[in-house]
Amino acid sequence: MRKSRSSTAARACSRKGDFYMQVRLTTPLTRQELAPLHAGDTVLLTGTVYTARDAAHARMNEALDRGEPLPFDIKGAAIYYVGPTPERPGAVIGSAGPTTSGRMDAMSPRLLDLGNKVMDSFAAAIGNIVYDKSAAANDHDKQVFWGMDLFSYLFASFVATAYFCLFQPFMGAWMGERWLLPLSFVLVFCLNEYVGWNHRMLGSYRAVLGHFEQDQWFMVASAATNLILSFALFPAFGITGIVAATVVAHCIMWVGRGIVVCCQYMRGSGWRYLRVQAVHLVTLVVLMAGSYRVCALLPGGILGLLGRAVVVCILPNLLNLAFYIWTSDAAYLRTQAGRLWQKITHR
């Protein structure tokens, strides 16, 4: 019976207690098969493995420059960096030891872009999955993206809620009530932190995708809006107006980054991304209002500040877990949490 193309995996424990996967793969390989691999996994590879070092890589690149086909189909292929391996009498091959990979670094990216999946024991393949700028996200990559988007929201909402509930009590306990800033300033400052952390996550994806022409005018508009609004709002709202101008500027930058990522990587996900951000914003309002209401029941002073810190560390995070831990967006985070828990409990 012919074996299935899907990889089979068995989990094992090393002497140090770290868990790794033992995976059986058959060439030619696909991105979907390589996506679950992590550093430290054991791969049992079956099929054709091509050997090539710097001279062979140079000849392949020269052939591509001349428009000539390569001597083998490189899509999904595995290339092993190996030096000369003269065989002993009666043997098929000699000692096929790896050679220094640095000589191939300048020539490898072009072959990776053509679809080669494995170079020198998968080290380059992992980088190709993360920085594949030409292909849309597959199912695993999409799961990672939504997991990272949710993680950004979780962190940003916690930071915003902490500022909202702790900033004024901290200033009052440290410098006195007369130094308190307007609550409107604190609220806008919290929104600035929230927007900033969220668009930074998109920025991590956006930075490796290229296509800077698609959001360059959003960057210009962001800078111009920040400058103009700061001067326009300061006379009426003071420092609160300046921070509000920064929030608007960050939102413009957020939109520009979102357009690039949703057009070049998460294709067809634009409306879903907008819906998710709207739900996140509603949840943020619930977290901030609920936490602020509970903190308002506590006394002032240092003890009250410590009590508020405990509330902020527990309440918004518990509410976020209740809202989101069961959703599909949290699938990647649940997987990573499971891996971490297994490592902790088996040490």
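Structural data are supplied above this passage.
Residues numbered from 1 in each chain as written. Predicted model: local features only at pLDDT ≥ 70, side-chain atom pairs only at ≥ 80, totals over all residues. Heavy atoms only, no water.

Turning our eyes to something else, we now look at the overall build of the protein chain. On a plain count of helices and strands, the protein chain comes out with 11 helices and 6 strands. A separation threshold of at least 6 residues defines the contact pool for the protein chain, and within that pool the share at least 24 residues apart is 67%. Only carbon and sulfur atoms are counted for the fraction: they give 65% of the accessible area of the protein chain, which is about 19900 Å². (Helix = DSSP H or I, 4+ residues; strand = E, 2+ residues; numbered from the N terminus. Contact = heavy atoms within 4.5 Å. Areas by Shrake-Rupley, 256 points an atom, 1.4 Å probe, with all protein chains shown as cover.)

With that out of the way, let us pick up the state of the cysteines. A full pass over the atoms with the stated rule returns 0 disulfides. Lacking any disulfide linkage, cysteine 165 is separated from the closest cysteine sulfur, that of cysteine 295, by 4.2 Å. (Disulfide = S-S within 2.5 Å.)

What follows covers the nonpolar core. The biggest cluster of nonpolar side chains holds 32 residues, and the ones touching the most others in it are Phe145, Tyr194, Leu202, Tyr205 and Tyr273. Listed by contribution, the elements that provide at least two residues to this core are helix H5 (139-175), helix H6 (183-206), helix H8 (239-264) and helix H9 (270-295). Looking at which element gives the most residues to this core, the answer is H6, with 9 residues. For phenylalanine 145, the contacting residues outside a window of four places in its chain are Met201, Leu202, Tyr205, Val261, Met266 and Tyr273. Listed in part, the 9 residues of the second largest apolar core include Met60, Ala63, Phe72 and Ala77. (Core = buried A, V, L, I, M, F, W, Y, C linked by side-chain atoms within 4.5 Å. Buried < 20%, exposed > 50% of the residue type's maximum accessible area, 1.4 Å probe, protein only.)

Here we come to the pattern of salt bridges. Between side chains of opposite charge, a pair can form as their charged atoms come close. Tallying each qualifying case throughout the model produces 2 salt bridges. Here arginine 66 and glutamate 68 are joined by a salt bridge, their closest N and O atoms 3.0 Å apart. Overall, glutamate 68 belongs to the partly exposed group, its relative accessible area being 38%. The closest approach of N and O atoms between arginine 272 and aspartate 329, which form a salt bridge, is 2.5 Å. (Salt bridge = Lys/Arg side-chain N within 4 Å of Asp/Glu carboxyl O.)

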